[in-house]
Amino acid sequence: GAGVSQSPRYKVAKRGQDVALRCDPISGHVSLFWYQQALGQGPEFLTYFQNEAQLDKSGLPSDRFFAERPEGSVSTLKIQRTQQEDSAVYLCASSREDPNSPLHFGNGTRLTVT
Amino acid sequence: GESVGLHLPTLSVQEGDNSIINCAYSNSASDYFIWYKQESGKGPQFIIGIRSNMDKRQGQRVTVLLNKTVKHLSLQIAATQPGDSAVYFCAENSGDYKLSFGAGTTVTVRA
């Protein structure tokens, strides 16, 4: 596709359930990012991949959050034992290798934990 | 995102007028600043970026101004159109891959 694709678009989970959010970056983009956006706030950095290597996971809120990109393309963000405070929009972005290349964001997955 | 912030959370502008959106930052080490536009239900969309060695950059209907002395960034939109209604975020990059976003300004264009 032409842009970053994320699925599902919406996810409702009961507290304690595990969820998996998928990101298909733009083909050929080396860098992939996950951001979390709370309602009314700007996106907050979660983690960064360069190809299949996770170079920074300092933004992940807890060890319940796990991200992977095993073949350097598609990425999955997994949240285990979801809590209400995990409710947010999870944005994926990809870019070329240059740190100042614009990030191309997907439309996000809106996670609601009930 | 703690070092980047916006002066006003909302801005209402008449269609056809110029809009000015402001942003203050505190990280002197930031070397690249970006404006993003986010429409409802969509991800942020890159508008324009400016490096720290510049003070002005123009795009199509948009101008970004950077004042490093007072750590201020602004986005000017000429002849604002209904399609410009969105939340606008400034973001900064301090030389690595991370972007720090401000909280955003909601722009509403009145017909």
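Placed above this text is the structure.
The model shown is predicted, which means the values in this text are computed figures rather than measured ones.

1. Some thoughts on the pairing of strand E3 (residues 19-25) of chain B
All names here are of chain B.
- Every second residue of E3 is oriented toward a common face, the buried set being Ser 19, Ile 21, Cys 23 and Tyr 25 and the non-buried set Ile 20, Asn 22 and Ala 24.
- When E3 meets strand E8 (residues 72-77), the two strands line up antiparallel, connected through six bridges. Paired with Cys 23 across the strands is Leu 73, a residue of E8.

2. Structural notes on the environment of A:Asp18
All names here are of chain A.
- With respect to the element layout, Asp 18 can be found in the loop between strand E2 (10-13) and strand E3 (19-24).
- Residue classification places Asp 18 among the exposed positions, given a relative accessible area of 53%.
- Among residues more than four places away in sequence, those in contact with Asp 18 are Ile 79, Gln 80 and Arg 81.
- Here Arg 81 takes part through its backbone nitrogen, which lies 2.8 Å from a polar atom of the side chain of Asp 18.

3. So, unusual backbone geometry
Residue and element names in this part refer to chain A.
- A cis amide bond links Ser 7 with the next residue in sequence, Pro 8, at an omega value of -5°.
- Its place among the elements puts Pro 8 in the loop between strand E1 (5-7) and E2.
- We note that Asn 51 has phi near 55°; this positive angle belongs to a residue other than glycine.
- With respect to the secondary-structure elements, Asn 51 resides in the loop between strand E5 (44-50) and strand E6 (53-56).
- Given a relative accessible area of 34%, Asn 51 falls into the partly exposed group.

4. Section: the sheet that holds strand E7 (residues 65-68) of chain A
All names here are of chain A.
- Reading across the sheet, the four strands line up as E1-E3-E8-E7 and stay open at both edges, with antiparallel pairing between neighbours. Two strands bound the open sheet, and with one partner strand each, they are E1 and E7. Within this sheet the neighbouring strands show an average axis-to-axis angle of 15°, counted without direction.
- Pairing between E7 and strand E8 (residues 75-79): four bridges, direction antiparallel. Residue pairing for E8: Phe 66 is matched across the bridge by Lys 78.

What counts and what doesn't
Residues numbered from 1 in each chain as written. Chains lettered and ligands numbered in written order. Predicted model: local features only at pLDDT ≥ 70, side-chain atom pairs only at ≥ 80, totals over all residues. Heavy atoms only, no water. Buried < 20%, exposed > 50% of the residue type's maximum accessible area, 1.4 Å probe, protein only. Helix = DSSP H or I, 4+ residues; strand = E, 2+ residues; numbered from the N terminus. Pairing = 2+ DSSP bridges. Contact = heavy atoms within 4.5 Å. Polar contact = N/O pair within 3.5 Å; in protein donor to acceptor, adjacent residues only side chain to side chain. Axes fitted to C-alpha atoms, helices over the stretch in contact; angles between N-to-C directions.

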